[in-house]
Amino acid sequence: MDACLAGVTVCSSALTWKRCRRGLPTSPSSSRIFAREGLGIPGSSSSVEQHEEACCASHEKNAKLINRRQIMRRTGVAFVSATVLPTTQGLETREALAAINEPGDPEEWVLSVGLSTLVVRSDGTLDLRGNGHASPQFFDVTLPQSASKSKASLLPPSETSPGALLALQWPEGTQLVVWPASGAESVDDSRHLFDWAAGLEEGFFLEISVPSKVDIHGNNELAELNVDLQSGGRWYGGAHLLRQLWPLDRSQWEIGPMYPFDHGPNGLGSVVGAHWVSSCGTLIAVDPRTPMLHAGLNAPVQQRSRDDPRYFGVGIQHLTQEALPYEDGVASGIQKISERGDGKLRIQARSTWQDERVLHPWQAIGTPESAREQRRAFNEGKVVDATYEGQRYIDPLDDRCVLRIAIAASSDVRTATLSALKSLPSPQVAPPSVVFNRSTWTTWATSHADVVQADVLALGKAVIDNGYRPGVLEIDDRWQSRYGDLEFDSVKFPDPKGMIEQLHKEGFLVTVWVMPFLQEGSVACAEARRLGHLVEGGDPPSLVREISVGGPGERLGSAVKVLVDQYDWPPGHWAGGGGGGTLQSGQLRWWGTQPVRAIDLTSDAAVHWFVARLKANRKL
């Protein structure tokens, strides 16, 4: 027999067979599986070709089964599973094949759905092909060092999720489960886990999980997928960065929390997306609900010293911090050497916020118990609604870090982007047209934080007197009696209802600036604490720790911010701010003076409470 493979997969409607070939040796030490259509095999066996042609012509089920069994017998290929599912185009068969290194376990599995093919290897590497891509997109699952040279094994059927194409496990407990991205929900009971990627019609869903006790990098337990940037071309998406480089692979986005910040410790801004796309059409999307989600793209190879961590700065500290991320291969800031990044998109689900290379408030927010409860709810596919009292006991064996990712090989970057956006909810009612076709005027530009009712009316009059059309008039900072109370300060705004009615008559739409922070001493803060709607936490960083992080500029900025909070400056700020410059458990600094507390937006009850108060404020 010639040293090559000839094979078939079921791909499309009406169970039409397509031949898939790749020239590969068939010796037991290097048996591999084929996964692509139209790749010719020189010198392939004529008897096998004739048999395939006969099967394609007959379309008889028995002939197909005979063909498949003959090929598997000749090449050492094991048939793992096949499922016939109804689709809008007819019937589609999803097939999972494995190449066996006889007599041991498989070295490689090939999963084929529609035009997409995913190769999964025992060493944790993956290749994705589809839609005519000339070359694959490469990935790898991070494995514990102790398991990096071990083979993966199939999970027992009793432990395999419904509808999964493949479920693997490595020593030390790392698991990978793969589902098709399309198909009938009635067949696949696990699809609710990926409702956040409902718009994906091609590709695969991955779930990577590790026991929370597993320490992969020696300092943090995490489930991680690494995406090779070079095989995808240029990269876009992810997040708004404080130093926005385009495309993203021009930057060195340091690994850090994948959540919006006013000025994130690794350069993230206030707009964060949960997907990335490449110029070759690769789509990578991650469940935005993932607890302790972290990400980085082309991060510096040389990690930042633990003695000089990044710091989440606010207010005056912004003026002294570096503009991040660094540009790849270009010396800038304190990066004096023009080095290249690691060439990877790294997506992580961690077991904790704790990171010795990043100092930010969230490391002091939450408790180990609340983190376990968040992981439990997420792992079970429920909305994460973690409270900080009365959590039930969680068996350590069931406490896992779980990362859910969708991958697809689209035809181009536009198609990949549209697929990622399909899952976003569409508004049922369009915002008022004035928001789009007229200007927004804000009191911050004229009165800063000293705004009073007369200033608001004067701004509206000035807009009209200068020949502009009335648009949106926003009442900005310090209109409330306390941050979070959502009530007009009765001294500064003696008749807010009359003020708003007058502005409406003049043609303005009136908005006010709100934030999910609550000031100590406010009625809202006391109520939220009583109802359990506040984010609680452990001991915050000490003052000494805060003012000793970073270079001279950062340290000066931190010291100034602490003094501003301590002495309630500038004058005129309300009493009962935040207790001075020393942070208390559950407090965080922000750009306004005095530390504040945050509403626990992971709790549905807290969100409903906050929204109800916003709606009540509209009844003025």
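Residues numbered from 1 in each chain as written. Predicted model: local features only at pLDDT ≥ 70, side-chain atom pairs only at ≥ 80, totals over all residues. Heavy atoms only, no water.

A. A look at the packing of helix 7 (residues 453–465) against helix 8 (residues 496–505). Interaxial distance between helix 7 and helix 8 falls to 11 Å at its minimum, and their mutual angle equals 0 degrees. By the angle class used here, helix 7 and helix 8 are roughly parallel. On helix 8, the residues that touch Q453, V456 and L457 of helix 7 are P496, M499, Q502 and L503. (Axes fitted to C-alpha atoms, helices over the stretch in contact; angles between N-to-C directions. Helix = DSSP H or I, 4+ residues; strand = E, 2+ residues; numbered from the N terminus. Parallel < 35°, antiparallel > 145°, perpendicular 65-115°, else oblique. Contact = heavy atoms within 4.5 Å.)

B. Quick look at the environment of G264. Following the sequence through the fold, G264 ends up in the loop between strand 15 (251–257) and strand 16 (268–278). The spatial distance from the C-alpha of G264 to the C-alpha of L324 is 9.1 Å, given a sequence separation of 60 residues. In contact with G264, other than residues within four places in its own chain, are L242 and F312.

C. Structural view of helix 7. Between its terminal C-alpha atoms helix 7 stretches 19 Å, which fits the 18 Å expected from 13 residues at 1.5 Å a residue. G467 sits one or two residues past helix 7 and shows a positive phi near 85 degrees. (Expected span 1.5 Å × (residues − 1).)

D. The arrangement of helix 9 (residues 523–531) in detail. Looking at helix 9, one finds that the buried residues are A524, C525 and A528. Along the long axis of helix 9, the arc covered by the buried residues comes to 100 degrees, so they all point the same way. Counted as exposed and oriented over 90 degrees from the buried face of helix 9: V523 and R530. Looking at the buried residues of helix 9, the elements they touch are strand 27 (517–519), strand 29 (596–598) and helix 12 (604–617). The positive-phi residue at the C-terminal boundary of helix 9 is G532, with phi of around 75 degrees. (Buried < 20%, exposed > 50% of the residue type's maximum accessible area, 1.4 Å probe, protein only. Arc of directions from axis to C-beta.)

E. Fine view of unusual backbone geometry. Cis rather than trans, the peptide bond between W246 and P247 has omega equal to -5 degrees. Mapping P247 onto the fold places it in the loop between strand 14 (235–241) and strand 15. A cis geometry characterises the amide bond from L324 onward to P325, with omega recorded as 5 degrees. Counting through the fold element by element, P325 comes out in the loop between strand 19 (310–311) and strand 20 (326–327). With a phi angle near 80 degrees, E172 is a residue other than glycine that sits in the positive phi range. You can see E172 is positioned in the loop between strand 10 (166–169) and strand 11 (175–180). On the basis of relative accessibility, which here comes to 42%, the residue E172 falls in the partly exposed class. Of note in this structure, N298 is not a glycine but carries a positive phi near 55 degrees. Turning to its location among the elements, N298 is positioned in the loop between strand 18 (293–297) and strand 19.

F. Broad picture of the environment of D450. As for its placement among the helices and strands, D450 is situated in the loop between helix 6 (444–447) and helix 7. When its relative accessible area of 58% is taken as the criterion, D450 is described as exposed. C-alpha separation for the pair D450 and K492, spaced 42 residues apart in sequence, amounts to 8.9 Å. Apart from residues no more than four positions distant in its own chain, D450 is found in contact with D455 and K492.

G. View of the sheet that holds strand 24 (residues 440–442). Pairing within the open sheet is parallel, and its 3 strands lie in the order 24-25-26. Only two strands of the sheet have a single neighbouring strand rather than two, namely strand 24 and strand 26 (509–512). The mean angle between the axes of side-by-side strands here comes to 25 degrees, regardless of whether they run parallel or antiparallel. In this structure, strand 25 (residues 472–475) lies alongside strand 26, joined through 4 bridges in parallel fashion. (Pairing = 2+ DSSP bridges.)

H. Representation of the pairing of strand 10 within the structure. Pairing geometry for strand 9 (residues 153–154) and strand 10, over 2 bridges, is antiparallel. Following the sheet pairing, L154 is matched in strand 10 by L168. As paired elements, strand 10 and strand 11 share 4 bridges and run antiparallel to each other. Residue pairing across strands places L168 opposite L176, the latter belonging to strand 11. Hairpin connection between strand 10 and strand 11: a loop of 5 residues separates the two successive antiparallel strands, and E172 in this loop has a positive phi of roughly 80 degrees.

I. Examining the sheet that holds strand 27 more closely. Read across the open sheet, the 3 strands follow the order 27-29-28; overall the sheet is antiparallel. With one partner strand each, in any of the chains shown, strand 27 and strand 28 (587–588) form the two edges of the open sheet. Summarising the sheet, strand 27 and strand 29 pair through 3 bridges and their orientation is antiparallel. The residue of strand 29 that forms the bridge with F517 is A598. Of the strands in this sheet, strand 27 and strand 29 are in contact with helix 9, which crosses strand 27 at around 115 degrees.

J. Molecular detail of the packing of aromatic side chains. Taken as a whole and judged by the stated rule, the model has 12 aromatic pairs. Their ring planes at 5 degrees and their centres at 6.4 Å tell us that W513 and W590 sit as a pair that is stacked. Here W590 lies in the loop between strand 28 and strand 29 and W513 lies in the loop between strand 26 and strand 27, a separation of 77 residues in the sequence. Take W590: its relative accessible area is 4%, and that puts it in the buried class. Between the aromatic rings of F517 and W590, the centroid separation amounts to 5.5 Å while the plane-to-plane angle is 65 degrees, which identifies the pairing as edge-to-face. Within this pair, whereas F517 is found in strand 27, its partner W590 is found in the loop between strand 28 and strand 29, the two being separated by 73 residues in sequence. A network of ring pairs unites the aromatic residues W179, F194, W196 and F205 as a single cluster. Above the face of the F378 ring, R404 is positioned so that its terminal group lies 4.5 Å from the ring centre. The side chain of R613 reaches across the aromatic face of W609, ending 4.9 Å from its centre. (Phe/Tyr/Trp six-rings, centres within 6.5 Å; stacked < 30°, edge-to-face > 60°. Lys NZ or Arg CZ within 6 Å of the ring centre and 35° of its normal.)

K. Fine view of the pattern of salt bridges. Inspection of every chain in the model, using the stated rule, returns 24 salt bridges. Between E224 and R346 there is a salt bridge, with the nearest N and O atoms lying 2.9 Å from each other. With E224 in strand 13 (residues 222–228) and R346 in strand 21 (residues 344–350), this pair connects stretches of sequence that are 122 residues apart. R346 carries the same exposure label as E224, and that label is buried. A salt bridge links K497 to E501, with the shortest nitrogen-to-oxygen separation between them at 3.7 Å. Here E501 and K497 lie together in helix 8, a separation of 4 residues that amounts to about one turn. (Salt bridge = Lys/Arg side-chain N within 4 Å of Asp/Glu carboxyl O.)

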